[in-house]
Amino acid sequence: MAEYRKEGSSSPDGADYEKGDYTTAQTHVTPEGARIHGIEYEEGRALHRGLKARHVTMIAIGGAIGTGLIIGTGAALARGGPAAIFITYSIAGFMVYLVMCALGEMAAWLPLSSGFTGYATRFCDPALGFALGWTYFFKYIIITPAQLTAAALVIQYWKPKDEVNPGVFITVFLVTIALINWFGIRFFGEFEFWLSSIKVIVICGVILLSLILALGGGPDGDRKGFRYWNNPGAFNTYIDDGAAGRFYALWSCMVSAVFAYSGTELIGVTVGEAQNPRKTIPRAIKLTFWRILFFYIISVLLLGMLVPYDSTELAFANKASNSAAASPFVVAIKLSGIQALPGILNGCICLFVFSAANSDLYIASRTIYGLASEGRAPDIFRRTNSRGLPIYGLAISLLFCLLAYMNVTDDARQIFIYFQNLTTIFGLQTWISILVTHIFFVRARKAQGIPDTAMPYTAPLGIYGSYFSLFLCVIVALTKNFNAFTPGTYGAWDYKTFITGYLGIPLYLALIFGYKFWTKCERVRSHNADFYTGKDIIDREEEEFLARKAAQDSGKRGGSWFYRTFVAWLL
C-alpha cells in the first residue's frame, strides 16, 4: 500500500526516500520474531483480531451504560440536586467527546496493540507513555472491584446485607467474568455484543418510560414536569448556605459525572483486536456525541424530574437503611406507583453491572499486556495462549478484584464512593495524557507535512479542541475533591476522601519523572516523531481483510432496505 512520507524521512529499515513533497514507499517486511513499537505479531505474543465491526461499535455504545450512569447518579442527585447533575454531566460529556475525537485521529492512523500508551511513547514522551499505561492499569484494577461492589449494592434491593453476606454474590460475579474472559476474544466480543445490545434496549426503554412518567402517564397520573426543580429545588446546598452552598453542591457532583463517563475511551484499547480498525474506530468515535447526548444528558434531565434529591428511597441519601434502591432509576419508577417493574429493572441493572465488570477486567488485562508489549512491564505479561489471550495479564488483573471483598465488613456505599474517587482521578489523568499526546501528534504531522486529507479521521475541532478539553480536565482534577479541605463537611478533616481523591496525582508525577530520571529519555521532537514504523503491517492486514470481505459479499445479495438504511451504517 502506498504511504505518505515527508522529504528526508526514513523507512523502518533506515532507507531514505527521494526528495519531493511525497513519494510512494515500498511495503517493509520485518523479520519474523520481532516486535515493532507495540505492534505484536509473533506467535505466543500477538493478540487476535477477533472483534468485528459490530462488536466494536456495540461495545463502545454499551460501555457507556455502566455503573456510573445507573448507580453513580444516585449519589450525585442526593448531594447536588437535579440542575447540578444536568450541568456537570453536560460539562463532563463535552470534555470526553473532545478526548474521544483526539484519540480517534491517532487510532485511525495507526491502530497499535499497545493502545494509547503507544501513542504517548511515539509522539510525545516515553515517560508519559509509561505513566499513562500504569495509571490506566491502576484505574481498571480499581474500577473492576468497584463494579463488583456496585453489584453487592444492587443485590441488597432483594437481599439486605444482614440476610446474605455480599461476598457470596461477589464470588459468583467474579468467577463468571473470569471464565468469559478466559474463553478468548471471539467469545468475549460476541458475549459483550449481546449484553450491550440488551443494555441499549433497556436504557432506551427506561428513557421512554421516564418521559411518560414525567408527563403524567404513570399509574398515579401525576404530571410532575419540573416540579422537583422548585420543591425541594434545582440545587441542594452543601458545606455552606445560599449561593456558595449551591455552587459547592454543583461542583461536588463532578466526581460522579467523570466516573459516569469513565471507560468511554476503551475504544483505544480494542484497536489491537478490531477488524478493519481504520473504518470501525472513526465510526464508533462519531457515534460518541449522540451517545453522550441521548444516554447521559437526557437520562439525568428526566431523572431530576422524577426523583427529589431529598427522597429517603435513594440509597445515597438514606444512610440508615440498607434496603433502599441503589439506582435512582428504580426509585423513579417506584415513586410513580408501578409495582412489579422496579424489581425487573433492578434485575436489568444487575446485568448492566455484570457487563461493566466483565469489560473492565478485559481492559485491565489488555492494558498490562500493552505495557509489556512496549517494554514497560515484565515480559511475562506479553505472553498469550493459542486463543490470543494474555493469560498472565488476566491473572494479575483478577488478583486485584479481591479488593471487592472489602465491603463484606464495611458499608458498600462508602466503599463504592472511595473506589469512585480513586477511579476518577486515574480517569482524568488518562484523558489529560491522551489530549497532550494528540497535541504533540498534530504538531508533529504538521511539521512533517502530513495533510488532513491523508488522515482516515481528523478531530472536528482539531488541536484547539484538545487544548480546551485539557484545560477543563486539569481544573476538574485539581478541584474535584475540595470537600476534603473543609472541616465543616464531616466534622473533621476527611483524610480518606483526600487520599482517595488525590493519591493519583503524586503517583502520576512520580512515574513520569522517575522514568525520565532512570532512563534519561527525552521528549519526542516533532520532526522525529515516528508515523510509519509498523504501519505497513497494519495496511497489509487491512487489505487482506477487505479482500476477504469483498469475496464473501460478492456472492450475497445486498440485504433488505431496512438493514441498509437503519442498521448497516451503525454496525
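Note that this is a predicted model, so its numbers are computed, not measured.

How each quantity is defined
Residues numbered from 1 in each chain as written. Predicted model: local features only at pLDDT ≥ 70, side-chain atom pairs only at ≥ 80, totals over all residues. Heavy atoms only, no water. Axes fitted to C-alpha atoms, helices over the stretch in contact; angles between N-to-C directions. Helix = DSSP H or I, 4+ residues; strand = E, 2+ residues; numbered from the N terminus. Left-handed = near helix turned anticlockwise from the far one by under 90°. Contact = heavy atoms within 4.5 Å. Nonpolar A, V, L, I, M, F, W, Y, C, P; charged D, E, K, R; others polar. Phe/Tyr/Trp six-rings, centres within 6.5 Å; stacked < 30°, edge-to-face > 60°. Buried < 20%, exposed > 50% of the residue type's maximum accessible area, 1.4 Å probe, protein only. Parallel < 35°, antiparallel > 145°, perpendicular 65-115°, else oblique. pLDDT = per-residue confidence, 0-100.

### Things to note about the packing of helix α7 (residues 185-214) against helix α14 (residues 341-373)
No. 1: One can describe the packing of α7 onto α14 by two numbers: an axis separation of 10 Å at closest approach and a directional angle of 145 degrees. α7 and α14 meet at a crossing whose hand is left-handed. Residues Ile185, Phe188, Phe191, Glu192, Leu195, Ile198, Lys199, Val202, Ile203, Val206 and Leu209 of α7 form the contact with α14, whose participating residues are Leu341, Leu345, Cys348, Leu351, Phe352, Phe354, Ser355, Ala356, Asn358, Ser359, Tyr362 and Arg366.
No. 2: Each residue belonging to the contact of α7 with α14 can be placed in one class, and the counts come to 17 nonpolar, three polar and three charged.

### Considerations on the packing of aromatic side chains
No. 1: Applying the stated rule across the entire model yields 24 aromatic pairs.
No. 2: Geometrically, the ring pair formed by Phe191 and Phe354 is edge-to-face, given 6.2 Å between the ring centres and 75 degrees between the ring planes. Here Phe191, found in helix α7, pairs with Phe354, found in helix α14; they are 163 residues apart in sequence, far enough to count as distant.
No. 3: Overall, the relative accessible area of 27% leaves Phe191 in the partly exposed class.
No. 4: The exposure class of Phe354 is buried, given its relative accessible area of 10%.

### With respect to the packing of helix α2 (residues 67-80) against helix α12 (residues 277-306)
No. 1: Running from N to C, α2 and α12 point in directions that differ by 45 degrees, and their axes come no closer than 12 Å. Taken together, the axes of α2 and α12 are oblique relative to one another. Both α2 and α12 take part in a crossing whose hand is right-handed. Residue-level contacts link Leu69, Thr73 and Leu77 of α2 to Phe295, Tyr296, Ser299, Val300 and Leu303 of α12.

### So, the confidence of the model for the chain
Note: predicted coordinates in regions of low pLDDT should not be interpreted at a detailed level.
No. 1: A residue-level look at the chain finds 79% of positions with pLDDT of 70 or above and a mean pLDDT of 78.
No. 2: Segment residues 1-38: pLDDT under 50, and 87 contacts once partners within four positions in sequence are set aside and those in other chains are kept.
No. 3: Under a pLDDT of 50 for its full length, residues 566-571 has, in the predicted model, 15 contacts with residues more than four places off or in other chains.

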